[in-house]
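Read off the chains here:
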Amino acid sequence: MSKTILVTGGAGYVGSHTVLQLLLSGYKTVVVDNLDNSSDVAPKRVKELAGEFGRNLSFHQVDLRDRPAIQKIFAQTKFDAVIHFAGLNAVGESLVFSSSAAVYGWPKKVPCTEEFPLSAVNPYGRTKLFIEEICRDLRNSDSQWKIILLRYFNPVGAHPSGHIGEDPRGTPNNLMPFVQQAAVGRLQALTVFGKDYATKDGTGGPFLVSFRVRDYVHVVDLADGHIAALKKLSDPKRGCEVYNLGTGKGTSVLEMVTAFEKASGKKIPLQIAGRRPGDSEVIYASIKKAETELKWKAKYGIEEICEDQWNWASKNPFGYGSP
Ligand code: UDP
């Protein structure tokens, strides 16, 4: 019998890609999303992309804080696990939670292993850290719970079909949506933060600008990481376990821009600015634990990431709002 998974925030960027991989892996999937920062076009496209498995997707436009509506969904369906993407409360006794590399703060060295000391250098990182701690407390107080915390590095790219991808409301926060917008002319230039840093591009000379290094992981790889985590949850010995989901490779902003220019054939105009408060300089994952225990490893590199990102951007220059 196929398992049924509740996916909160399943219409969002990582959520929609994960729902597609879940369906293609034979899971029944119930998505709950209030569409605050996402579009109902995403689940529709996921359904189409999943072909015959699309019938195993049901979507509820519901706010997680709407208790009666959530209770109704729980009364209708018995869930085997919950994957929690929405930034609100979690439910269920098996849970995969989207944490972030932000819980490492400014790491003293790289690659970051899961045992590194945790700290937050911005409010976003603090919320992830708090929720991780609450999950650990939950498991310590009730051994019925099985929880996996997935620390994402930098999710980027889009489904290779070009039909689903990242579509932030309003001004984006992350690098790739800005790169994408600069390439299609929605932005005049990409602002590169970090003039006052010298890292691996900082080779000296009059144009010394640098470039923070991040671990960019393809969103389809990330989605597959959730399937691997769900499989791990069925291991009865599990308690509350944490895994990095990254590639183990660091890439600078300029390397990313160059790769995107190559994939798109577009020139990205740059504007160099000061550092962004709260940004760490170099961070990338140690991937040993996920590789050994989840048997998961990212398959895609920055070339495929940029090709897929461009495919999505050129097919949907205005995201899900495109004509
Ligand atoms: N970045 C940039 N310009 C932008 C957005 C981001 O230069 O418009 C840089 C940022 O300083 C960081 C990298 O791109 O070094 C990734 O930023 P993002 O916000 O995507 O991820 P995070 O910093 O949270 O890892």
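Scroll up for the structure.
Anyway, here's the lowdown on the structure attached to this text. Note that the structure is a prediction, hence the values are computed from the model and not measured.

Re the overall build of the protein
When helices and strands are counted, the protein shows nine helices and 13 strands. Taken against the 2.2 N^0.38 rule, which gives 20 Å for 323 residues, the C-alpha radius of gyration of the protein at 19 Å falls within 12% of a compact globule. Expressed as a percentage of the 323 residues in the protein, the buried residues total 52%. Look at the contacts in the protein between residues 6 or more apart in sequence, and 78% of them connect residues 24 or more apart. The averaged location of the 34 negative side-chain charges in the protein is 1 Å from the averaged location of its 40 positive side-chain charges.

Notes on the site of the ligand
As a structural note, the neighbourhood of the ligand is formed by 15 residues, with T191, R212, R214, R276 and D279 the closest of them. Here a nitrogen atom of the ligand and a backbone polar atom of T191 are 2.5 Å apart. At 2.6 Å, a side-chain N or O of R214 approaches an oxygen atom of the ligand. Considering the ligand on its own, with 510 Å² of exposed area, one finds that the protein chains cover 87% of that surface. Counting only elements with at least two residues in the shell around the ligand, the list comes to α5 (175-183) and β8 (190-193). Among the elements that take part in the shell around the ligand, β8 stands out by supplying four residues, more than any other. Residue composition of the shell around the ligand, grouped by class: seven nonpolar, four polar and four charged.

Section: the packing of aromatic side chains
Summed over all chains, the structure comprises five aromatic pairs. Judged by centre distance (6.2 Å) and plane angle (80°), the rings of Y104 and F116 are edge-to-face. Here Y104, found in the loop between β5 (94-100) and α4 (123-141), pairs with F116, found in the loop between β5 and α4; they are 12 residues apart in sequence, far enough to count as distant. Here Y104 matches F116 in class, with each residue buried. Each residue in the set Y104, F116 and F153 is aromatic and connected to the rest through ring pairs, giving one cluster.

Quick look at unusual backbone geometry
A cis geometry characterises the amide bond from V110 onward to P111, with omega recorded as -5°. When you line up the elements, P111 lands in the loop between β5 and α4. For L35, which is not glycine, the phi dihedral falls at a positive 60°. Mapped onto the elements of the fold, L35 is located in the loop between β2 (28-33) and α2 (41-49). The class for L35 is buried, based on a relative accessible area of 11%. Phi at K295 takes a positive value of approximately 55°, unusual for a residue other than glycine. With respect to the helices and strands, K295 occurs in the loop between α8 (288-294) and α9 (302-315).

Some remarks on the nonpolar core
Counting 39 residues, the largest nonpolar core has I5, L22, L150, L230 and L294 as the members making the most contacts within it. Put simply, the parts of the chain that give this core at least two residues each are β1 (4-8), α1 (13-24), α2, β4 (81-84), β6 (146-152), α6 (219-233), β11 (240-245) and α8. At eight residues, α6 tops the list of elements feeding residues into this core. Ignoring anything within four residues of it in the chain, the contact list for L22 reads I5, V7, Y27, T29, I83, I227 and L230. Among the nonpolar cores identified, the runner-up in size contains 19 residues, and V156, V179, A259 and W310 belong to it.

Cut-off values and rules
Residues numbered from 1 in each chain as written. Predicted model: local features only at pLDDT ≥ 70, side-chain atom pairs only at ≥ 80, totals over all residues. Heavy atoms only, no water. Helix = DSSP H or I, 4+ residues; strand = E, 2+ residues; numbered from the N terminus. Rg over C-alpha atoms; globule rule 2.2 N^0.38 Å. Buried < 20%, exposed > 50% of the residue type's maximum accessible area, 1.4 Å probe, protein only. Contact = heavy atoms within 4.5 Å. Lys, Arg positive; Asp, Glu negative; His and termini not counted. Charge placed at Lys NZ, Arg CZ, Asp CG, Glu CD. Near = heavy atom within 4 Å. Polar contact = N/O pair within 3.5 Å; in protein donor to acceptor, adjacent residues only side chain to side chain. Areas by Shrake-Rupley, 256 points an atom, 1.4 Å probe, with all protein chains shown as cover. Nonpolar A, V, L, I, M, F, W, Y, C, P; charged D, E, K, R; others polar. Phe/Tyr/Trp six-rings, centres within 6.5 Å; stacked < 30°, edge-to-face > 60°. Core = buried A, V, L, I, M, F, W, Y, C linked by side-chain atoms within 4.5 Å.

Keep in mind these values describe shape, not function.
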